[in-house]
Amino acid sequence: MTTPHPLWRYASPAHFLPLTGRLLPLLWLLAALGIGAGLTLGLFIAPTDAQQGETYRILYLHVPAAWIAMVCYGAMAFWALWGLAWKTRLAFVLMRALAPTGTLFAVLTLITGSLWGRPMWGTWWVWDARLTSALLLALLYVGFIALTTAVDTPDDPRRGDQAGALLALVGALNLPVLYFSVTWWNTLHQGASINLRGSSIAPQMLAGLLLSTLGFWAYAGAAVLTRARLLLQARVESEARWPRAIGSLA
Amino acid sequence: MGAALQAAAAITRREWSGTLRQPAEWLTPLAFVVGVALMFPLGLGPEPARLRELAPGLLWIAALLASLLSLPRLFAADLADGSLEQWWLSPLPRPLAVALKLAVHWALSGLPLVLLAPLLALAFGVEDPLPLALSLLLGTPALALLGGLGAALVLHARAGAGLLALLLLPLQVPVLVFGTAAANGGANADSALLLLGAWLAVLLALAPWATAAALSLMLD
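The model shown is predicted, which means the values in this text are computed figures rather than measured ones.

Participant: Looking at this structure, how should I read the overall build of chain A?
Facilitator: Helix and strand counts for chain A come out as 6 helices and 2 strands. Per-residue burial for chain A yields a buried fraction of 37% across its 250 residues. A sequence separation of at least 24 residues applies to 78% of the contacts in chain A between residues at least 6 apart.

Participant: What am I meant to see in the overall build of chain B here?
Facilitator: Within chain B, the secondary structure is distributed over 10 helices and 0 strands. The secondary structure elements of chain B, listed N-terminal to C-terminal, are α-α-α-α-α-α-α-α-α-α. Here the C-alpha radius of gyration of chain B, 18 Å, is about what a compact globule of 220 residues would show, namely 17 Å. Taken along its principal axes, the extent of the C-alpha atoms in chain B is 55 × 30 × 30 Å. Evaluated residue by residue, chain B yields a buried proportion of 47% over its 220 residues. In chain B, 79% of the contacts between residues at least 6 apart in sequence involve partners at least 24 apart.

Participant: Would you mind showing me how to read the interface of chain B and chain A here?
Facilitator: Frequently, the measure chosen for interface size is the accessible area that the parts lose on association. At the interface, 21 residues of chain B touch 22 residues of chain A. Put simply, the parts of the chain that give the side of chain B that touches chain A at least two residues each are helix 7 (130-153), helix 8 (160-171), helix 9 (173-184) and helix 10 (189-219) of chain B. Residues that form the side of chain B that touches chain A fall into these classes: 19 nonpolar, 1 polar and 1 charged.

Participant: What should I look at first to understand helix 3 (residues 89-121) of chain A in this one?
Facilitator: Helical geometry: 3.6 residues make up each α-helical turn, so side chains three or four residues apart lie on a common side. In a regular helix each residue adds 1.5 Å, so 33 residues correspond to 48 Å; helix 3 of chain A covers 46 Å between its end C-alpha atoms and thus fits that length. Looking one or two residues past helix 3 of chain A, G122 of chain A carries a phi angle of roughly 75°, positive in sign.

Participant: Sorry, what's going on with the packing of helix 4 (residues 129-151) of chain A against helix 5 (residues 158-185) of chain A here?
Facilitator: The geometry of a pair of packed helices is captured by two quantities: the angle between their axes and the separation between those axes. All names here are of chain A. The N-to-C vectors of helix 4 and helix 5 enclose an angle of 170°; their axes lie 10 Å apart at closest approach. It follows from the interaxial angle that helix 4 and helix 5 lie roughly antiparallel. Crossing of helix 4 against helix 5: the hand is right-handed. Across the interface between the two elements, A129, T132, S133, L136, L140, F144, L147, T148 and V151 from helix 4 touch R159, G160, A163, G164, L167, A168, G171, L178, Y179, V182, T183 and W185 from helix 5. Tallied by class, the residues present in the contact of helix 4 with helix 5 amount to 13 nonpolar, 7 polar and 1 charged.

Participant: Just checking my understanding: could you explain the environment of V177 of chain B for this structure?
Facilitator: With respect to the element layout, V177 of chain B can be found in helix 9. A tally of 25 C-beta atoms within 10 Å means that V177 of chain B is categorised as buried. Here V177 of chain B is in contact with S181, V182, W184 and W185 of chain A, once residues within four sequence places are set aside.

Participant: I would appreciate a short explanation of the packing of helix 2 (residues 23-44) of chain B against helix 3 (residues 48-69) of chain B in the present structure.
Facilitator: Residues and elements named next belong to chain B. One can describe the packing of helix 2 onto helix 3 by two numbers: an axis separation of 9 Å at closest approach and a directional angle of 145°. Crossing geometry of helix 2 relative to helix 3 is assigned as right-handed. Between helix 2 and helix 3, the residues in contact are T28, P29, F32, V33, V36, A37, F40, P41 and L44 and R50, L51, L58, L59, A62, A63, L65, A66 and L69, respectively. Residue classes in the contact of helix 2 with helix 3 are distributed as 16 nonpolar, 1 polar and 1 charged.

Conventions we followed
Throughout, a residue's number is its position along its own chain's written sequence, starting from 1. The naming scheme follows written order: chains are lettered A onward, ligands numbered 1 onward. Given that the model is predicted, a residue must reach a pLDDT of at least 70 before its local features are reported, and side-chain atom pairs must reach 80 or more before they are shown or counted; all residues, however, enter totals for whole chains, interfaces and linings. Helical segments are the DSSP runs of H or I of at least four residues, strand segments are the runs of E of at least two, and each set is numbered from the N terminus. Three exposure classes are used. Buried residues have 20 or more other C-beta atoms within 10 Å of their own C-beta, exposed residues have 12 or fewer, and partly exposed residues fall in between, all C-beta atoms being placed from the backbone. This entry defines residue contacts through backbone-placed C-beta atoms, with two residues in contact when those atoms are within 7 Å. Radius of gyration means the value over C-alpha atoms here, while the globule rule gives 2.2 Å times the residue count to the 0.38 power. Think of it as three bins: nonpolar holds Ala, Val, Leu, Ile, Met, Phe, Trp, Tyr, Cys and Pro, charged holds Asp, Glu, Lys and Arg, and polar takes everything else, Gly as well. A helix is expected to span 1.5 Å multiplied by its residue count minus one. Working convention: axes come from line fits to C-alpha atoms, limited for helices to the stretch in contact. Angles between N-to-C directions cover 0 to 180 degrees. Our angle categories are set so that under 35 degrees counts as roughly parallel, over 145 as roughly antiparallel, 65 to 115 as roughly perpendicular, and the remainder as oblique. By convention, the crossing between two helices is left-handed when the near helix turns anticlockwise from the far helix through less than a right angle, and right-handed when the turn is clockwise.

This is the structure we're talking about:
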């Protein structure tokens, strides 16, 4: 018999809860430091942009939010596949815990984007490919949350878990096609300023952006883990009531 | 093999006659499309040039919304009277049963729309309604396949119809984008039609399996 990888044991709530209990203070600290330092650097110290003036500074919130919103959906689909394949309950708990944070950042992306678009493009909203796909991503998140809550029965989250997992997978498979179709339809958004060959922005700007990204990531991780712990504890409590419920039938 | 074919024929026959006997089920979406098409000139003004320009997109949206109408009932009746469980016990592979059900559903709800939409396009002053009909011919099966999946997922949900629309509209975006581009004509129309066909092929290959998996979940 092969021994399982030592990481696997964290799939068990008995190991997951203490681990996250130790991780969470660290993540919250990182979030506070990263967001604080990143935004200070970005909002007060970094130079004014040559073309966009002061308005570009919203990017210290906009860019991390957009990254996190997209990656959260990928992570949701990952845990959905994991849960459907191996039936570990922690996978579904993490999948559900990711959705509200993903929604939050998708909505933040939309709000900060339109606040930036007003002075730069002269309009709150244009029907451009990236804006439209960001809105669709937010809708996919809302649909996921609505479905899981509507399918759930009290004390038994399994049906909601599995329906949500299927939807997350279908959505993730659909996303590339969706993104392609919308890009094919219309493109106006400015291209990416950072790529693997180097960045086209000033070093302080980059430092501020990286720090605030780190901070928002830490916040997202902390929020997701906190939510996962609460969901898990609620499930463990409701499962603890099962023997009593069955006993009362006999 | 013989038993599976027999089951397939039985399911097809049952679905076909069952739906045909309830004209309300397959006539309502058609009447809905006519009603929505009537609202556009009333809401946008009767100017012929503008209506002609907007017609393909408007009719596509009307067809898309109409495809949502009959979905909440698609599997609910079969679940309630137990026939879904009988299909699951039959020798027929489950995805095939789902595909047959959806094929009949499309033949009685999508195909009439494909035939009706060009007539409405003529009423909007479109000179050549053929691209619209072709794009709907490829697009409505794609909508039906996605719709089947959505209908299976919300089978046990409260407030199913609104939830279904919320789930399906983002997923239907590629169909709408390619479909309207193909229907509008112009330089991109041919590639749009090919992309729509490709997406339909992908959905045909994947959606019945996903729908069968979702229905299995709902039966547990």
